[in-house]
Amino acid sequence: MDQDTEATFDVGARLKQLRLTRGLSQRELAKRAGVTNSTVSLVEQNHVSPSVSSLKKILDALPVSISAFFAGDEPSQPKPFYRAGELTEIGDGTLSWGLVAARRPDRQMSIIHERYPPGADSGEEMLEHDGEEGGVVISGRIEITVDGEVGVLGVGDAYYFDSRLPHRFRNVGDEECVIVSASTPPTFSDAGQERHHA
């Protein structure tokens, strides 16, 4: 997604369009997602910018994957190379998650270029989904919580864990943290398999 597309992407309008297409009221979507009716309303009006975990929770209830939400549902032809501007942004406006080959048909894994500004995190709600994930810190520092165990990783440090364990990422440093990560199966394109900590 190029910078112009990112700058003009209307999260609220896209969510409302998907909700109406499925014949759901705000109240019904909120009930399915386990969030308040006002949360759905505020997101649709662009009065709040949802965290990644909150947005995933709402999209799971549709169900729509994060990559389909931002990239559209039309798959692209497979190709071997992707320029920086071609990564699909699936972050929440504070942190940036650039998903590689988001629209590739039959994609078997998710590769993400993650950027966390100081103080940014993946959301207060712990993430849980099928599969495994791992990554390497390229710059900065990141605090990762996995099933109650907390680690602070720096440049060159890495992680690998079962994604079904509740987990969260938080930049505890004073500079941007950059991570290159991978997960399988590609839960960012298979919303039906994503689950969240209640």
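Heads up: these notes are all about the structure in this document. (Residues numbered from 1 in each chain as written. Predicted model: local features only at pLDDT ≥ 70, side-chain atom pairs only at ≥ 80, totals over all residues. Heavy atoms only, no water.)

## Section: the pattern of salt bridges
Argument step 1. The full count for this structure, using the stated rule, is 8 salt bridges.
Argument step 2. The closest approach of N and O atoms between Glu86 and Lys79, which form a salt bridge, is 2.7 Å.
Argument step 3. Overall, Lys79 belongs to the partly exposed group, its relative accessible area being 32%.
Argument step 4. For Arg168, the salt bridge identified is with Asp121, shortest N-O distance 2.9 Å. Here the residue Arg168 occupies a position in strand S9 (residues 167-170), and Asp121 occupies one in the loop between strand S3 (110-116) and strand S4 (127-129), the gap between them amounting to 47 residues.
Argument step 5. With a relative accessible area of 22%, Arg168 lands in the partly exposed category. (Salt bridge = Lys/Arg side-chain N within 4 Å of Asp/Glu carboxyl O. Buried < 20%, exposed > 50% of the residue type's maximum accessible area, 1.4 Å probe, protein only. Helix = DSSP H or I, 4+ residues; strand = E, 2+ residues; numbered from the N terminus.)

## Focus: the pairing of S3
In regular strands, side chains alternate between the two faces of the sheet.
Argument step 1. Covered by surrounding structure in S3 are Ser110, Ile112, Glu114 and Tyr116 only, the residues Ile111, His113 and Arg115 on the alternate face being uncovered.
Argument step 2. Bridge count between strand S2 (residues 96-99) and S3: 4 bridges; the pairing is antiparallel. From the neighbouring strand, Trp97 faces S3, where its bridge partner is Glu114.
Argument step 3. Judged from the 7 bridges that link them, S3 and strand S10 (residues 177-184) form a sheet pairing that is antiparallel. Counterpart to Glu114 in the pairing with S10 is Ile179. (Pairing = 2+ DSSP bridges.)

## Here's the deal with the sheet that holds strand S5 (residues 132-139)
Argument step 1. Pairing is antiparallel across the open sheet formed by 6 strands, whose spatial order is S1-S2-S3-S10-S5-S8. A single partner strand is all that each edge strand has here, and the edge strands are strand S1 (88-89) and strand S8 (158-162).
Argument step 2. Note: S5 against S8, 5 bridges, orientation antiparallel. The residue bridging Gly134 from the neighbouring strand is Tyr160, located in S8.

## A closer look at unusual backbone geometry
Argument step 1. Across the junction of Leu62 and Pro63, the peptide omega takes the value -15°, indicating a cis bond.
Argument step 2. Mapped onto the elements of the fold, Pro63 is located in the loop between helix H5 (52-60) and helix H6 (66-71).
Argument step 3. Between Thr184 and Pro185 the backbone carries a cis peptide bond, its omega angle lying at -5°.
Argument step 4. Summarising the element assignment, Pro185 is placed in the loop between S10 and strand S11 (194-196).

## Some words on helix H2 (residues 11-21)
Argument step 1. Residues Val11, Gly12, Arg14, Leu15, Leu18 and Arg19 constitute the buried set of H2. All buried residues of H2 project into a common sector of 165° when viewed along the axis, lining one side.
Argument step 2. Where H2 begins, the side chain of Asp10 points an oxygen toward the backbone nitrogen of Gly12, at a separation of 3.2 Å.
Argument step 3. A positive phi of about 70° marks Gly23, the residue just after H2. (Arc of directions from axis to C-beta. Polar contact = N/O pair within 3.5 Å; in protein donor to acceptor, adjacent residues only side chain to side chain.)

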